[in-house]
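Letter by letter, the chains look like this.
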Amino acid sequence: MTRSLRTIVADPLFLALCAAAGLLAIGEILSPGFARGSQIVSLLTVAAILGIVAAGQNLVILGGREGIDLSVGAMISLGAVLAGNVMNGSNAALPFAILAAAGVPFLIGLVNGCGITLLRIPPLVMTLGMTAVIQGALVVYSQGVPSGSAAPALSAFVNRPLIFGIPGILFVWAAIAVLMLFMLRRTRFGFSVYAIGSNERAAALTGIPVPAVRILLYGLSGFFAGLTGLFVIGYTGTSFISVGNQYVLPSIIAVVIGGTSLAGGTGGYLGTVAGAVVLTLLQSVLITLNLDVWARQIIFGLTLLALLLLYGRQRALRV
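Here is a short report on the structure shown in this document. (Residues numbered from 1 in each chain as written. Predicted model: local features only at pLDDT ≥ 70, side-chain atom pairs only at ≥ 80, totals over all residues. Heavy atoms only, no water.)

1. So, the overall build of the protein
Scanning the protein for helices and strands turns up 14 helices and two strands. Relative to its length of 319 residues, the protein is compact, with a C-alpha radius of gyration of 19 Å against a globular reference of 20 Å. With the C-alpha coordinates of the protein rotated into their principal frame, the extents come out at 50 × 50 × 40 Å. For the protein, with 319 residues in total, the buried portion stands at 49%. Looking at the protein alone, contacts between residues at least 24 apart form 77% of all its contacts between residues at least 6 apart. Only carbon and sulfur atoms are counted for the fraction: they give 71% of the accessible area of the protein, which is about 14,900 Å². (Helix = DSSP H or I, 4+ residues; strand = E, 2+ residues; numbered from the N terminus. Rg over C-alpha atoms; globule rule 2.2 N^0.38 Å. Buried < 20%, exposed > 50% of the residue type's maximum accessible area, 1.4 Å probe, protein only. Contact = heavy atoms within 4.5 Å. Areas by Shrake-Rupley, 256 points an atom, 1.4 Å probe, with all protein chains shown as cover.)

This is the structure:
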């Protein structure tokens, strides 16, 4: 019984949920009404945007070989700019905007995967280089001026209640969570992801097409980042070329806080969902304190370090 209790208490998902509950309580103490239903829904809406891009980051990290996608911020910006210019305030163009926002980053993600897998370029170098390429292309495309606007239907879907007072984006996030859990735990592709993340050479010997799986992981990372860009412009109404930069580091931290090892092969998306909620609550609590921006950044960084030391680290890294 004692061993089971220790196992539960040491579980990163359990600790993340406790951290979320603690932050919610602190927010309520600092600002009565912080934990009311409508406010929680608003916080979850913000967390959903982070959680969706973190889904792709989660897959890349699970695949091992120091897999981290630093291009997700640029992909989000690209998705937002493409969606905004395709829609330009028109509901009729929304399906084409979804296709452009998710499809183009997916293809770029495949290019990332090919460079990392076939050309043996380190993931950090490849994705950082792709970030520069995308940002340069966005500057040329938009001339540095915000352009395009969200369709009213998309803005309503993201910001307004759809069913039972819950915005549509939360249903999308829930569907992504279910699909991710099913894919990782019940499909051959999911088993392959864990296998190559644990031991790439052994996975190859069992017949798993390691290069194809890894390339697809980066493609899916681009897909989720582009989809996030679509929801970002739905949330804000407009887009600009650096809108996605703020999501790069949090998308990685949410994955780590949720218990996924940076060495790959261990973890899952449910913990990442909890990690996204924790980060969103932490930011909101700091804003509630009415601190200067520099003070919020320092406290945010120190708190993240503490969280990572408490339960983000794995007991052992595999080689």
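2. Quick look at the packing of aromatic side chains
This model, assessed by the stated rule, comprises one aromatic pair. Relative to Phe224, the ring of Phe223 has its centre 5.4 Å away and its plane inclined at 75 degrees; by these criteria the two rings are edge-to-face. Overall, the relative accessible area of 29% leaves Phe223 in the partly exposed class. Among the residues examined, Phe224 registers a relative accessible area of 8% and is labelled buried. (Phe/Tyr/Trp six-rings, centres within 6.5 Å; stacked < 30°, edge-to-face > 60°.)

3. What to know about the pattern of salt bridges
Per the stated rule, a full pass over the model turns up two salt bridges. Arg65 is paired through a salt bridge with Glu200; the nearest N and O atoms lie 2.6 Å apart. In this pair, Arg65 sits in the loop between helix 3 (37-62) and helix 4 (72-87) while Glu200 sits in helix 10 (residues 200-205), placing the two residues 135 residues apart along the sequence. Note on Glu200: relative accessible area 24%, which makes it partly exposed. Through salt bridges with shared partners, a single network forms among Arg65, Glu200 and Arg214. (Salt bridge = Lys/Arg side-chain N within 4 Å of Asp/Glu carboxyl O.)

4. Let's talk about unusual backbone geometry
Even without a glycine there, the phi angle at Arg65 is positive, about 55 degrees. In this structure, Arg120 takes a positive phi of about 60 degrees despite not being glycine. With respect to the helices, strands and loops of the structure, Arg120 is situated in the loop between helix 5 (94-117) and helix 6 (123-142).

5. Considerations on the nonpolar core
Residues Met87, Leu154, Trp173 and Met180 are the most contacted members of the largest nonpolar core, which totals 91 residues. Take this core: its biggest share by element is 13 residues, from helix 3. Excluding its chain neighbours within four sequence positions, the residues that come into contact with Met87 are Ala93, Leu94, Ala97, Ser149, Ala150, Ala151, Leu154 and Ile233. (Core = buried A, V, L, I, M, F, W, Y, C linked by side-chain atoms within 4.5 Å.)

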